[in-house]
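# Descriptive analysis of the structure
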Amino acid sequence: MIQPASSHFLDEFSQRKNQVILKGSLGALEILSDAGVTMCYGSDLLAGFRIMQNGEFPIRAQVLSAGEVLKSATVNAAKYIGMEGKLGCVKTVSIADLLVLNANPLDCHLGSHS
């Protein structure tokens, strides 16, 4: 909701509040990462906003490495819900949607932390 395209949905107070929440959330992610906590990706964006869910990845990449961000949405999440070896991986018995990229996402520098 801090993106210019969404800013008209919130009044000035709420926009400032979102900035404070974003800063605090990034700080929390950094603390958790430094402490070695296993994190999973999730979102509460629904309906017309669900298209913005992928926007969370570059936000998290401001304080997490690309590998940490990727693992949070794949391997870690699969393990958390008891689907390790079936989701979040690519192998014969897994349930997978594949995304083919021109570059290694672990080499991308989406944020300031690599």
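Read on for a plain summary of the structure. Quick caveat: nothing in here was measured; it's all calculated off a predicted structure. (Residues numbered from 1 in each chain as written. Predicted model: local features only at pLDDT ≥ 70, side-chain atom pairs only at ≥ 80, totals over all residues. Heavy atoms only, no water.)

Once that is clear, we can look at helix H3 (residues 66-73). Restricting attention to buried positions, one finds in H3 the residues Ala66, Val69 and Ser72. All buried residues of H3 project into a common sector of 130 degrees when viewed along the axis, lining one side. Among the structural elements, helix H2 (56-60) and helix H4 (75-80) are those in contact with the buried residues of H3. (Buried < 20%, exposed > 50% of the residue type's maximum accessible area, 1.4 Å probe, protein only. Helix = DSSP H or I, 4+ residues; strand = E, 2+ residues; numbered from the N terminus. Arc of directions from axis to C-beta. Contact = heavy atoms within 4.5 Å.)

Attention shifts here to the pattern of salt bridges. Enumeration over the complete set of coordinates arrives at two salt bridges. Across the pair Glu12 and Arg16 runs a salt bridge whose closest N-O atoms are separated by 3.2 Å. You can see Glu12 and its partner Arg16 sitting in helix H1 (residues 12-34), four residues apart, about one turn around the helix. A salt bridge links Glu56 to Arg60; the nearest nitrogen and oxygen atoms lie 3.0 Å apart. Of this pair, Glu56 and Arg60 are both found in helix H2, four residues apart, which corresponds to roughly one turn of the helix. Residue Glu56 is classed as partly exposed on the basis of its relative accessible area, which comes to 28%. (Salt bridge = Lys/Arg side-chain N within 4 Å of Asp/Glu carboxyl O.)

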